[in-house]
Amino acid sequence: MTRQGVADLLMGGAVLLMAVAMAHLLRAMLATVRAMRAGHAGAWLLTDSLRFHDEARAPAAARPHVRAVRASFRRLWPWALAAMALAVPAAILAA
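Computed from a predicted structure; not experimentally measured.

Per the secondary structure count, the protein chain includes four helices and zero strands. Ordering the α and β elements of the protein chain from the N terminus gives α-α-α-α. Relative to the compact-globule value of 12 Å for 95 residues, the protein chain shows a C-alpha radius of gyration of 18 Å, a clear excess of over 25%. Buried positions account for 24% of the 95 residues belonging to the protein chain. Pairs at least 24 residues apart make up 62% of the contacts formed inside the protein chain by residues separated by at least 6 positions. Summed over its atoms, the accessible surface of the protein chain is roughly 6200 Å², and 70% of this surface lies on carbon and sulfur atoms. Across the protein chain, 11 positive and 4 negative side-chain charges occur, with their mean positions spaced 6 Å apart.

What follows is the structure in structure tokens.
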């Protein structure tokens, strides 16, 4: 197998892993919308985004959604990092 073939296989794996990461990101975005619909939003969201992830400040109806946002992001990072771990050597081999 040539270097280009190995690079193509690595990049294909990276694309699949990134697709899984994007699915987790979509799940986090949907949970964010649900939390906002439950009353956990306001003008402060533009300037104090860390407040959004603070479960203690969220209304009771929005707390499960805030937990879902955090859980989705925790699940996203390993997939995204694994995709990058495959994409970097693929780019080096393809050059």
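Continuing now.
Let us look at the packing of helix α1 (residues 3-37) against helix α4 (residues 63-94). Relative orientation and spacing of two packed helices are given, respectively, by the angle between their axes and the distance between those axes. Interhelical geometry of α1 versus α4 gives an angle of 165 degrees and a closest axis separation of 7 Å. When the interaxial angle is binned, α1 and α4 end up roughly antiparallel. As α1 packs across α4, the resulting crossing turns out to be left-handed. Here the residues of the contact of α1 with α4 are counted per class, giving 30 nonpolar, six polar and four charged.

Taken over all residues, the pLDDT of the protein chain has a mean of 89, while the share at 70 or more is 100%. Per-element confidence in the protein chain ranges from a low mean pLDDT of 74 for helix α2 (residues 44-47) to a high of 92 for α1.

Right, let's talk about the nonpolar core for a bit. Judged by nonpolar contacts, A31, A35, W44, F52, A58, A62, V66 and V69 together constitute the single largest core of eight residues. Looking at this core, the elements that each hand over two or more residues are α1 and α4. If sequence neighbours within four positions are ignored, A62 has contacts with A35, A38 and H40.

It is worth spelling out α4 at this point. Taking 1.5 Å of rise per residue, the 32 residues of α4 would be expected to cover 46 Å, and the 46 Å separating its terminal C-alpha atoms lies within 8% of that figure. Inspection of α4 places V66, V69, A71, S72, L76, A80, A83, A87 and A90 among the buried residues, and these make up the whole buried set. Looking at the buried residues of α4, the elements they touch are α1 and α3 (49-52).

About the thresholds
Residues numbered from 1 in each chain as written. Predicted model: local features only at pLDDT ≥ 70, side-chain atom pairs only at ≥ 80, totals over all residues. Heavy atoms only, no water. Helix = DSSP H or I, 4+ residues; strand = E, 2+ residues; numbered from the N terminus. Rg over C-alpha atoms; globule rule 2.2 N^0.38 Å. Buried < 20%, exposed > 50% of the residue type's maximum accessible area, 1.4 Å probe, protein only. Contact = heavy atoms within 4.5 Å. Areas by Shrake-Rupley, 256 points an atom, 1.4 Å probe, with all protein chains shown as cover. Lys, Arg positive; Asp, Glu negative; His and termini not counted. Charge placed at Lys NZ, Arg CZ, Asp CG, Glu CD. Axes fitted to C-alpha atoms, helices over the stretch in contact; angles between N-to-C directions. Parallel < 35°, antiparallel > 145°, perpendicular 65-115°, else oblique. Left-handed = near helix turned anticlockwise from the far one by under 90°. Nonpolar A, V, L, I, M, F, W, Y, C, P; charged D, E, K, R; others polar. pLDDT = per-residue confidence, 0-100. Core = buried A, V, L, I, M, F, W, Y, C linked by side-chain atoms within 4.5 Å. Expected span 1.5 Å × (residues − 1).

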